[in-house]
Amino acid sequence: MAVTKMFGAAVKRREDPRLITGKGYYTDDMNVPGQTYMAVLRSPYGHARIRGINVEKARKHPGVVAVFTGQDLADGGIGPLPQAWPLEVGMVNGQKMTIPEWRVLAIDRVRFTGDGVAAVIAEDPYTAKDALDLIDVDYEPLPAVTNQAKAMEPGAPQLHDNVPNNIAFHWRLANGDIDAAFASADRIVKAHFINQRLIPNPMETHAALAQWNAGAEEMTFWNTSQNPHVTRLLGTLVTGIPEHKLRVVARDVGGGFGCKISIYPGDILTMWAARKLNRPVKWTEERRENYLATAHGRDHIQDVEYAVKNDGTVLGIRVKAIANMGAYLNTGPAPGVPTWLFAPMLAGCYKLIALQCDTYGVYTNTTPTDAYRGAGRPEATYIIERGMDLIARELGMDPVEIRRKNFIQPDEFPYTSIGTFVYDSGNYQGSLNKALEIADYAGFRQRQAEARKQGKYLGIGLSTYVEVCGLGPSAGANAIGFTGGLWESAVVRMHPTGSVTVFTGSSPHGQGEETTFAQLVSSELGVPVEAVEIIHGDTNSVPFGMGTYGSRSLAVGGAALVMAARKIREKARKIAAHQLEAALDDVVFDNGTFSVQGSPDKKKTIQEIAFAAYMGGNLPPDVTPMLEENHYYDPPNFVFPFGAHICEVEVDIETGVTRLLRYIAVDDCGPVVNPMIVDGQVHGGLAQGIGQALYEHGIYDDNGQLLSGSMMDYAVPTASELIHFDLARTETPSPHQPLGLKGVGETGTIASTPAVANAVVDALSPLGITHIDIPLTPENVWHAIQNARKA
Amino acid sequence: MKHKIHLKVNGVEHTNEVEPRLLLVHYLRDVLNLTGTHVGCDTSQCGACTVMLNGQAVKSCTVLAMQASGGEVTTVEGLATNGTLHPVQEGFWEKHGLQCGFCTPGMMITAVQLLERNPNPTEDEIRHALEGNLCRCTGYQNIVSAIQYAAEKMRTASAQPVKAAQ
């Protein structure tokens, strides 16, 4: 039975019928008998000593089951949270970094507004919150520091006794002869950039439900996670519940964007309380709690120098980045984000000869930061792509020409970048040309000149980006201190009737892999896509999985299931040869059917072979019954998607309001499994990158109060702030990924922020403005215009 | 002290005793177990909890269950009729108008309201109508397409009887 090849088809998502009818299954939708509800009392101070906590009134409140403090947890054997990426390689002092203690609930000191102090477990959620008001905490406020540059200064408030000057790490990447690059430069272009703090805002806040089975001594833990197995591993390390007795389940997850990689104090609390009380405990963050308690992203202060020749050749780049880590190291990849996921990509798609990056990770009295869509790569891409425009301006060159001048050429791949990564494949000129054509770049300058005559400020901005994703080769990750592999797993099981269940270690939360993975397996095995079921997110049924982040699910998880499917195909081919009484070499597979070369009538479908494998009595001597295979795929390299984005804006110089006029994204992520889903990933990435450029900003006051601590105060873009995006693609396969695939989940976010910023600055260039820090809110732009007019 | 309320939800009558402070969204989710309506914020910004109350799209996190007593509520679970998807639901599926799906129920209810009031909205009108509903995944483009698809489908459907008469 021939089936339609599903690779490349815009198959409608199989996730959708349940989600559009209200039958999705998010963590807070789950209820179990005897369930209780947890609420967490959080510090109202950015920094304070706890002199005492009195929970007696709360304990006596009707409906309250229990109240726990940090001391209760410590007495119960709960230690501090673990950290997965203790930096050592690249540390300037050569020492492994010190990890300060982060307690599940603070005992004697709180270090950020939102640090947990006590937990109430009650019979209903309203009562749990009522009881929070009955807890008396005697705080002694301490001086706070929220700006990372100030936190490094002598005399700044100190967060951790074992971390002098609040410096978590001073890390360096240096490659090429940086002094020679600067010595031979005709000029040095300097920049000072703020890459502001962002708050991820998945529409579903963090949520967890823990159920202890006292008889079996087993914990079931439903939560909203991007990587349930990693949550299980870390949960075991902290709670002591053995890994084989802890089941973690993430069913439908309402977005993650990096902030659901981590395990949070609330997760540990939920598990601990459920076991202690032998009652199920549910914890669902309120949105304002999410703003305080779930990891933030970005937050760099960057000083950059570019060594440049007068002909536009960029020789080298020297960066000092001060990254705000927040009050503690978040439990995800936090220290790796402003270091290994940042510095190696500073050269972008250009042939620099030297690079040096010094990153200081600094503790402040703010919510911990961690991976947020792009994670380090947007911060690097902003430096190189804003930089290209600054350099072009200084040299009087067109922003297109300076990029062309410095591009790595298509025939130079694989290319060892000065950032030390080996870029697998690329054609930067190709995607740029396509974008320029769609944008009518040549005609734009004419339109811009005419508009200026009418007092209208139009601007155009480019970003030609390359990013690293498909994380990644485990050996490389281990070598730079990451305590985990970055492979991915799959089990493919073909049932006697020929339908297929696939168990993947990827953990999609909106990316649509139930659909794309089914397309892949359908294509590999020649079975109808409807006959393939994708199971994910349950540690009791799927093999250990690393999860979904770093645009890795298709590139790495997809490879794992393709390899497993190919093992099935090979086993089935042996069975087919045996049953067709043909030599193995003569049996070929095409679209679900095995046939004998030269004898086209001799054939068996893969479904027939699946049934034969189930029967088991007529198999070759060395072949076991059933068709089931697993594969752990560890990629030989990362993948490097790239592209060119062009943004056109109009700025109202009286109000400072920026209006997007056009946005063109030409992306190259290799061959595309499902174009509809890839477009959707790009759209969403663009919205977040444009959000950083124009609207979003996590702001603290000097006392450590989060001023942008609700959806009323933090500008998640609405439909009205965004426009219809023009998307196009080029297709340059990765030479090492089994299907040539690259990731696409983060490209939009990585590429778009500098494109928009470049467009706004281009619009305002007649006023002499060369840079405005993001976000380019009307207020910030208006002030820049006023300052330029005064100057 | 609990109070008795009566509501008709998705065509089914319900009588319950609830605390006066119980929010409509928690009544729907926790009392009636209609968990398709979600809670995404606590300041009425996100619109994930949008339901139809007496023909008006409301944010059910900002309505007390008692205020809704005597009224009729339609949630995402009530959009399809006899197993046939509402054109808005169909549009979201056809046009990839959702990714994680968390905002989708509220987004669709808002879309239904929009199309009742304006059967042929422009892209700008659609985007304006969606200002009270946040989506973090899709960048809204495919949501706009989904609503355009639904609008077209609903216009065609309502035009058909006239054609038949001609």
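On a predicted model such as this, the values are computed, not experimentally measured, just so you know.

A.B. asks: Break down the overall build of chain A for me, citing the residues and quoting the values.
C.D. replies: From N to C terminus, chain A includes 20 helices and 28 strands. Computed over C-alpha atoms, the radius of gyration of chain A comes to 28 Å, within 12% of the 28 Å expected from 2.2 N^0.38 for 791 residues, which places it in the range of a compact globule. With the principal axes as the frame, chain A shows a C-alpha extent of 90 × 75 × 50 Å. Looking at chain A as a whole, 66% of its 791 residues qualify as buried. When contacts within chain A are restricted to residue pairs at least 6 apart in sequence, long-range pairs at least 24 apart make up 80% of them. Carbon and sulfur atoms provide 50% of the accessible area of chain A, an area that totals close to 26000 Å². Separation of charge centres in chain A, based on 68 positive and 87 negative side chains, amounts to 1 Å.

A.B. asks: Pulling in residues and values, what's your account of the overall build of chain B?
C.D. replies: Counting its secondary structure elements, chain B contains five helices and five strands. In terms of C-alpha radius of gyration, chain B reaches 17 Å, essentially the compact-globule figure of 15 Å for 166 residues. C-alpha extents for chain B along the principal axes are approximately 60 × 40 × 25 Å. For chain B, the proportion of its 166 residues judged to be buried stands at 52%. Pairs at least 24 residues apart make up 57% of the contacts formed inside chain B by residues separated by at least 6 positions.

A.B. asks: Lay out the sheet that holds strand 26 (residues 642–652) of chain A in plain terms, naming residues and giving numbers.
C.D. replies: All names here are of chain A. The strand order across the open sheet built from four strands is 18-26-27-28, with neighbouring strands paired in mixed fashion. The outermost strands of the open sheet, each flanked by one partner alone, are strand 18 (457–466) and strand 28 (726–729). Adjacent strand axes in the sheet meet at a mean angle of 15° when their direction is disregarded. Relative to strand 26, strand 18 runs antiparallel, the two sharing 10 bridges.

A.B. asks: So what about the interface of chain A and chain B? Which residues, and what values?
C.D. replies: With 53 residues of chain A at the interface, the matching set in chain B holds 46 residues. Summed over both partners, the interface of chain A with chain B comes to about 4400 Å²; 54% of that surface belongs to carbon and sulfur atoms. Looking only at chain A, the three residues that lose the most surface to chain B are A:I20, A:Y126 and A:M203, adding up to 19% of its buried area. One can count six salt bridges joining chain A with chain B.

A.B. asks: Outline the packing of aromatic side chains, supporting the account with residue identities and numerical values.
C.D. replies: To describe a pair of aromatic rings, one takes the distance between the centres and the angle between the planes. Residue and element names in this part refer to chain A. Taken as a whole and judged by the stated rule, the model has 21 aromatic pairs over all chains. Seen from their ring centres, Y291 and Y714 are 5.9 Å apart, and the 65° between their planes marks the pair as edge-to-face. Pair noted here: Y291 is in helix 9 (residues 287–293) and Y714 is in the loop between helix 18 (675–694) and strand 28, with a separation of 423 residues, a long-range link. The same class applies to Y291 as to Y714, namely buried. The rings of Y350, F407, F413, Y428 and F642 are connected pair by pair, giving a single aromatic cluster. The aromatic ring of W212 is capped on one face by R275, whose charged end is 5.2 Å from the ring centroid. Across from the ring centre of Y549, 5.2 Å away, lies the NZ or CZ of R552, which sits over that ring.

A.B. asks: Any details on the environment of A:T366? Residues and values, ideally.
C.D. replies: Residues and elements named next belong to chain A. For T366, the location among the structural elements is in the loop between strand 15 (354–363) and helix 10 (377–395). Setting aside anything within four residues of it in sequence, one finds T366 in contact with R111, F112, T146, R197, N324, G326, A327 and Y700. Only 2.8 Å separates the side chain of T366 from the side chain of T364, close enough to count as a polar contact.

A.B. asks: Help me get a handle on the nonpolar core, residues and values and all.
C.D. replies: Residues A:Y306, A:Y423, A:Y663 and B:F92 are the most contacted members of the largest nonpolar core, which totals 214 residues. By residue number, the principal contributor to this core is helix 10 of chain A, which donates nine residues. Among all residues touching A:Y663, those that are not within four sequence positions of it are A:H645, A:I646, A:C647, A:L686, A:I690, A:I723, A:F725, A:D726, A:A751, A:S752, A:A755 and A:V756. In terms of nonpolar packing, the next biggest core, distinct from the first, is built from 49 residues, A:M6, A:V532, A:F594 and A:V639 among them.

A.B. asks: Provide a residue-level description of the packing of helix 16 (residues 553–579) of chain A against helix 17 (residues 606–615) of chain A, including the pertinent values.
C.D. replies: Residue and element names in this part refer to chain A. Direction vectors running N to C along helix 16 and helix 17 enclose 85°, while the axes themselves pass 10 Å from each other. In terms of orientation, helix 16 and helix 17 fall into the roughly perpendicular class. Facing helix 16, whose interface residues are A572, I575, A576 and Q579, helix 17 presents I606, I609, A612 and A613. Each residue belonging to the contact of helix 16 with helix 17 can be placed in one class, and the counts come to seven nonpolar, one polar and no charged.

A.B. asks: Describe the packing of helix 15 (residues 513–525) of chain A against helix 16 of chain A, with residues and values.
C.D. replies: Helix-helix packing is described using two parameters, namely the angle between the two axes and the distance between the axes. Residues and elements named next belong to chain A. Two elements in contact, helix 15 and helix 16, have axes whose closest approach is 9 Å; the angle formed by their N-to-C orientations is 30°. In this view, helix 15 runs roughly parallel relative to helix 16, as classed from their interaxial angle. Taken as a pair, helix 15 and helix 16 cross one another with a handedness that is right-handed. On helix 16, the residues that touch E513, F517, L520, V521, E524 and L525 of helix 15 are S553, L554, G557, G558, L561, V562, A565, R566, I568 and R569. Taken together, the residues that form the contact of helix 15 with helix 16 break down as nine nonpolar, three polar and four charged.

What counts and how
Numbering of residues begins from 1 in every chain and follows the order in which that chain's sequence is written. Lettering of chains starts at A and numbering of ligands starts at 1, both following the order in which they are written. The predicted nature of this model means local features are confined to residues of pLDDT at least 70 and side-chain atom pairs, given and counted, to a pLDDT of 80 or more, with totals for whole chains, interfaces and linings taken over all residues. In computing side-chain properties, one takes all heavy atoms of the structure into account and sets aside hydrogens as well as water. Each helix is a run of H or I in the DSSP string that is no shorter than four residues. Each strand is a run of E no shorter than two, and both are numbered from the N terminus. Our radius of gyration is a C-alpha quantity, and the globule rule it is checked against amounts to 2.2 Å times the number of residues to the power 0.38. For the exposure calls, accessible area comes from a 1.4 Å probe over protein chains only, and a residue counts as buried if that area is under 20% of its type's maximum, exposed if over 50%, partly exposed in between. Here, two residues are considered to be in contact whenever any of their heavy atoms come within 4.5 Å of each other. Note that accessible areas follow from Shrake-Rupley with a 1.4 Å probe, and for residues the cover is restricted to the protein chains shown. The charge count treats Lys and Arg as positive and Asp and Glu as negative. His and the chain ends do not count. Think of each charge as sitting on NZ of Lys, CZ of Arg, CG of Asp or CD of Glu. Any two strands with at least two DSSP-identified bridges between them are counted as paired. For helices, the fitted axis covers only the stretch in contact; all axes are lines through C-alpha atoms, and the angles between them, taken along N-to-C directions, range from 0 to 180 degrees. Two parts lose some accessible area (1.4 Å probe) when they are put together, and adding that loss for both gives the buried area. For salt bridges, the criterion is a side-chain nitrogen of Lys or Arg within 4 Å of an Asp or Glu carboxyl oxygen. In this scheme Phe, Tyr and Trp rings, the latter by its six-membered ring, pair at centre separations within 6.5 Å, and the angle between planes marks the pair as stacked below 30 degrees, edge-to-face above 60, and tilted otherwise. Lysine and arginine charges are scored as sitting over a ring when NZ or CZ, respectively, is within 6 Å of the ring centre and within 35 degrees of the ring normal. The definition of a polar contact used here is a pair of N or O atoms within 3.5 Å, where within protein one atom must be able to donate a hydrogen and the other to accept one, and adjacent residues in sequence count solely through side-chain atom pairs. To form a nonpolar core, buried Ala, Val, Leu, Ile, Met, Phe, Trp, Tyr and Cys residues must be joined to one another through side-chain atoms within 4.5 Å. Working rule for angles: under 35 degrees goes down as roughly parallel, over 145 as roughly antiparallel, 65 to 115 as roughly perpendicular, anything else as oblique. Three categories are distinguished: nonpolar for Ala, Val, Leu, Ile, Met, Phe, Trp, Tyr, Cys and Pro, charged for Asp, Glu, Lys and Arg, and polar for the others, with Gly belonging to the last. Helix crossings are classified by the rotation of the near helix relative to the far one: an anticlockwise turn of less than a right angle makes the crossing left-handed, while a clockwise turn makes it right-handed.

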